[in-house]
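Overview (structure and organization)
Each chain, written out:
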Amino acid sequence: MHKNKIIIKTIIALGIILLIAIIGFVIMLVVQEIDSKNDLTTFEQSIVTVTKDYPTQFIVYGEEMDFPKECNVTYIDDINADAIKMDETFKYQLIVINDLNSKTEMSKEDWQLLNDHIKSDKRHNLFYFGNKEFGNIAELDITDGACSSLADTDLSFGFVYEGETLIKVLGTYRQNAGYSLMEVLLHEQAYSIEKSNK
């Protein structure tokens, strides 16, 4: 009987030691994960945000762009409801009109469709790169006169949600910019997502 009590106490003690070791191992893994995220550059952290933390569907109309391979990008040839419909396997969507070469054709109807699409869901964001379409953008009701603040060197206009508020983003990219268009674009999307999820 006394032997059985010793065996039971030994098993319980070993179980407690094993449980403490497992908890310590889990804590170590969590700390390593946090440290590895802190080691990332802002650009790398933006990629993690839009691909892993909050998977984002990127739809691009116009000239192709150099997205990181981790991003899910669809190029479209036409602005229509089916082409810009959000795939519900994603948490967010960013539509990019890349018209830096001024060759992208867009009608007022295309812009109205995009206007309505952005208003329909606070997970939809839009960026236009170029300057040829600023006149059409100025006529959209979601612009609220913000185009009057554009500088001659501005090559971008964006609509991004931060929570319930639609923010107009001007001057994200400019002529002769000394920074990467892709870094700015992914940072803006990641920032919007993070502000919407606080």
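This is a predicted model, so every value here is computed, not measured.

**Considerations on the environment of Ala146**
Along the polypeptide, Ala146 turns up in the loop between α5 (134-138) and β5 (156-162). The buried category is assigned to Ala146, whose relative accessible area is 14%. The spacing of Ala146 and Val169 is 23 residues in sequence and 8.9 Å in space, taken between C-alpha atoms. Residues contacting Ala146, with those up to four places away along its chain left out, are Phe157, Lys168 and Leu170.

**Description of helix α6 (residues 181-196)**
Given a rise of 1.5 Å per residue, 16 residues ought to cover 22 Å, and the 23 Å separating the end C-alpha atoms of α6 matches this to within 8%. Near the N-terminus of α6, the side chain that reaches the backbone nitrogen of Met182, with its oxygen 3.3 Å away, is that of Ser180.

**Considerations on helix α4 (residues 108-120)**
Along its 13 residues, α4 runs 18 Å from first to last C-alpha, staying within 8% of the 18 Å computed at 1.5 Å per residue. For α4, every residue scored as buried is listed here: Asp110, Trp111, Leu114, Asn115, His117 and Ile118. One side of α4 holds all its buried residues, which, seen down the axis, span an arc of 165°. In α4, the exposed residues that point more than 90 degrees away from the buried face are Glu109 and Ser120. In this structure, the buried residues of α4 make contact with α3 (81-84), β3 (92-98), β4 (124-129), α5, β5 and β6 (165-170).

**Let's talk about the environment of Ser102**
Turning to its location among the elements, Ser102 is positioned in the loop between β3 and α4. By relative accessible area, which is 38% here, Ser102 ends up partly exposed. For Ser102 and Asn131, which are 29 residues apart along the polypeptide, the C-alpha to C-alpha distance reads 7.7 Å. Here Ser102 is in contact with Asn131 and Lys132, once residues within four sequence places are set aside.

Basis of the calculations
Residues numbered from 1 in each chain as written. Predicted model: local features only at pLDDT ≥ 70, side-chain atom pairs only at ≥ 80, totals over all residues. Heavy atoms only, no water. Helix = DSSP H or I, 4+ residues; strand = E, 2+ residues; numbered from the N terminus. Buried < 20%, exposed > 50% of the residue type's maximum accessible area, 1.4 Å probe, protein only. Contact = heavy atoms within 4.5 Å. Expected span 1.5 Å × (residues − 1). Polar contact = N/O pair within 3.5 Å; in protein donor to acceptor, adjacent residues only side chain to side chain. Arc of directions from axis to C-beta.

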